[in-house]
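Chain by chain, the residues:
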Amino acid sequence: MASSTVRPQTRDRQEDDVARRLLDSAATLSYDPATEVDWETPLDKGFHGASPEWSTLYGTAYWGELTDEQRKELTRQEAASVASTGIWFEMILQQMVLRDVYAKDPTRAEVQWALTEIAEECRHSIMFARGAEKLGAPAYRPRRIALELGRAFKTVAFGEAAYAAILVAEEVLDVMQRDWMRDERVAPFVRTINNIHVVEESRHMKFARAETRRRLQKAGWLRRRIHAVVVAIASYVIVTSMVNKDVYANAGLDASRAVGEARANEHHKSMMRSSCSGLMDFLASAGLLTKPALMFYKRANLI
């Protein structure tokens, strides 16, 4: 039977089946960052904060001039900035998910999974905050315009727009962190943080994909076109906010030169594009890669 003709009760059972599987996964494979991460051992500055290849300056002339110590400090500041951006978006995510299940039946597995996801995101935010602090970084915040756009998005986004935006943010982080958690050049406690986030976010991404497809079943042509652009704009704002320009000065670099070379860095753009190929395939299959949306993904170097 076509998905558009599935009866409501059948859809409810399908949603609950997915949610129950995710609840089972959370019950058997979850972490407490307070005890799993080594917070006590002092920071060893002999390690990077992220895989060097993911640095915004990797492959530039400026990178070639940096000492090993400068490169490591830069990747630590960049990792802290990415973590701070993750906290910002996870706060948006939590509010959107909570608003989505508000007044729904709490005995439903779908609602219980949503509350479980929010609990995991709360732990992740605290974990990222402690990780950034241990890396010796300040609390990096997005630009004012990004903060205000995020405030508006979390208030009005619904359905596939909310869940597709969640998926984009988590997928981009996921690809980076899978590299970092396997890289022995990265500080051990950062690798642990990345491993925890990758394992638990895999559940969140599975749910976001399922919800995006399900909500699109009810979306007409105009709504689908509008939400395609909304998701693309949200993606652009999130991705361009990941590395705060202040990381360069805080790493002791010439900020003006670093910002210019980072913006022109074809290696980093290529890393972003290749890491998002699967995500773009999903958005295309869901009908969310319209021509107007493509403009924003291209500007964000996601395609």
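These numbers come from a predicted model, not from an experiment.

Novice: Even after reading the chapter, I still don't get the side chain of Arg 215, so can you show me in this structure?
Specialist: Considering the arrangement of structural elements, one finds Arg 215 in helix 8 (residues 188-216). Using a relative accessible area of 9% as the deciding quantity, one classes Arg 215 as buried. For Arg 215, the contacting residues outside a window of four places in its chain are Asp 100, Lys 104, Glu 110, Gly 159, Glu 160, Tyr 163 and Arg 223.

Novice: How should I be thinking about the pattern of salt bridges in this particular structure?
Specialist: It is possible for side chains of opposite charge to pair when their charged atoms get near one another. Inspection of every chain in the model, using the stated rule, returns 23 salt bridges. In this structure, Glu 73 and Arg 76 form a salt bridge, with 2.7 Å as the shortest nitrogen-oxygen distance. Of the two residues, Glu 73 and Arg 76 both sit in helix 4 (residues 68-101), 3 residues apart, roughly one turn of that helix. Comparing Glu 73 with Arg 76 shows no difference in burial state: the two are buried. Among the charged side chains, a salt-bridge network with shared partners connects Asp 16, Asp 100, Lys 104, Arg 108, Glu 110, Glu 211, Arg 214 and Arg 215.

Novice: Which parts of the structure should I look at to understand unusual backbone geometry?
Specialist: With the exception of glycine, the majority of residues adopt a negative phi angle, and the majority of peptide bonds are in the trans configuration. The phi dihedral of Ala 103 is positive, around 75 degrees, even though this residue is not glycine. Within the fold, Ala 103 resides in the loop between helix 4 and helix 5 (109-134). One non-glycine residue, Asn 301, adopts positive backbone phi at about 60 degrees.

Novice: Please explain the nonpolar core as it appears in this structure.
Specialist: One recurring pattern in soluble globular proteins is that nonpolar side chains are buried together. Leu 57, Leu 74, Tyr 248 and Leu 302 are the most contacted members of the largest nonpolar core, which has 92 residues in total. If near-sequence neighbours (up to four positions away) are discounted, Leu 74 is found in contact with Ser 55, Leu 57, Trp 63, Leu 66, Val 247, Tyr 248, Ala 251 and Leu 253.

Novice: What's the story with helix 4 in this structure? I'm lost.
Specialist: Given 3.6 residues per helical turn, the α-helix brings residues three or four places apart onto the same face. Spanning 34 residues, helix 4 covers 49 Å between terminal C-alpha atoms, matching the ideal 50 Å at 1.5 Å per step. A large share of helix 4 lies buried, amounting to 26 of its 34 residues.

Novice: Just to check I follow, could you spell out the environment of Tyr 58 for this structure?
Specialist: As for its position among the elements, Tyr 58 is in the loop between helix 2 (33-36) and helix 3 (61-65). The class of Tyr 58 is partly exposed, set by a relative accessible area of 25%. Sequence separation between Tyr 58 and Arg 71 is 13 residues; the distance between their C-alpha atoms is 9.0 Å. What Tyr 58 contacts, discounting residues up to four positions off in sequence, is Pro 52, Glu 53, Trp 63, Asn 265 and His 267.

Novice: Sorry, what's going on with the packing of aromatic side chains here?
Specialist: In this structure the tally under the stated criterion is 3 aromatic pairs. A centroid spacing of 5.9 Å and a plane angle of 80 degrees characterise the contact between Tyr 163 and Phe 207, whose relative ring orientation is edge-to-face. With a gap of 44 residues between them, Tyr 163 in helix 7 (residues 159-182) and Phe 207 in helix 8 connect regions that are remote in the sequence. Neither Tyr 163 nor Phe 207 differs from the other in exposure class; each is buried. Members of the aromatic cluster, joined through ring pairs, are Trp 113, Tyr 163 and Phe 207. The cationic tip of Arg 209 hangs over the ring face of Phe 282; the distance from NZ or CZ to the ring centre is 4.7 Å. Residue placement shows Arg 257 over the ring face of Tyr 62; its charged tip is 4.3 Å from the ring centre.

Novice: Honestly, the environment of Ala 208 in this entry has me stumped. Any pointers?
Specialist: As for its position among the elements, Ala 208 is in helix 8. A relative accessible area of 1% means that Ala 208 is categorised as buried. Remark: the alpha-carbon pair of Ala 208 and Tyr 163, spanning 45 residues in sequence, is separated by 5.1 Å. Ala 208 has contacts with Tyr 163, Ile 166 and Leu 167, leaving out every residue within four places of it along the chain.

Novice: It is not clear to me how a nonpolar patch on the surface should be interpreted in this structure. Could you clarify?
Specialist: Judged by side-chain polarity, Trp 221, Leu 222 and Ile 226 come together as a nonpolar surface patch covering roughly 380 Å² of accessible area. Within the element layout of this structure, Trp 221 appears in helix 9 (residues 221-240).

Novice: Sorry if this is basic, but what is going on with the confidence of the model for the protein chain here?
Specialist: Per-residue pLDDT for the protein chain has a mean of 93; in total, 95% of the residues score no lower than 70. The low-confidence segment residues 1-5 (pLDDT under 50) makes 2 contacts with residues lying over four places distant or belonging to another chain.

Cut-offs and rules
- Along each chain, residues carry numbers from 1 onward, in the same order as the chain's sequence is written.
- For a predicted model such as this one, the threshold for reporting local features is a pLDDT of at least 70, and the threshold for listing and counting side-chain atom pairs is 80 or more; totals across whole chains, interfaces and linings nevertheless cover every residue.
- As a rule here, side-chain values come from all non-hydrogen atoms in the structure, and water together with hydrogens is ignored.
- Here a helix means four or more residues in a row that DSSP labels H or I, a strand means two or more in a row labelled E, and each is numbered from the N terminus.
- For every residue, the accessible area obtained with a 1.4 Å probe (protein chains only) is divided by the maximum for its type, and the residue is called buried under 20%, exposed over 50%, and partly exposed between those limits.
- Contacts: residue pairs with any heavy atoms within 4.5 Å of one another.
- Whenever Lys or Arg places a side-chain nitrogen within 4 Å of a carboxyl oxygen from Asp or Glu, that contact is recorded as a salt bridge.
- We call a set of buried residues a nonpolar core when its members are Ala, Val, Leu, Ile, Met, Phe, Trp, Tyr or Cys and they connect through side-chain atoms within 4.5 Å of each other.
- By definition here, a helix of n residues has an expected span of 1.5 Å times n minus one.
- To pair, rings of Phe, Tyr and Trp, with the six-membered ring standing in for Trp, must have centres within 6.5 Å; the planes then decide the type, stacked if under 30 degrees apart, edge-to-face if over 60, and tilted in the middle.
- Here, over-ring charges are defined by two tests on the NZ atom of lysine or the CZ atom of arginine: distance to the ring centre within 6 Å, and angle to the ring normal within 35 degrees.
- Patch membership requires more than 30% relative accessible area and the absence of a salt bridge. Residues of like charge join within 9 Å; the nonpolar side chains Val, Leu, Ile, Met, Phe, Trp and Tyr join within 5 Å.
- Reported accessibility uses the Shrake-Rupley method at a 1.4 Å probe radius. Residues are deemed covered only where the shown protein chains occlude them.
- One confidence number per residue, pLDDT, is output by the predictor and ranges from 0 to 100.

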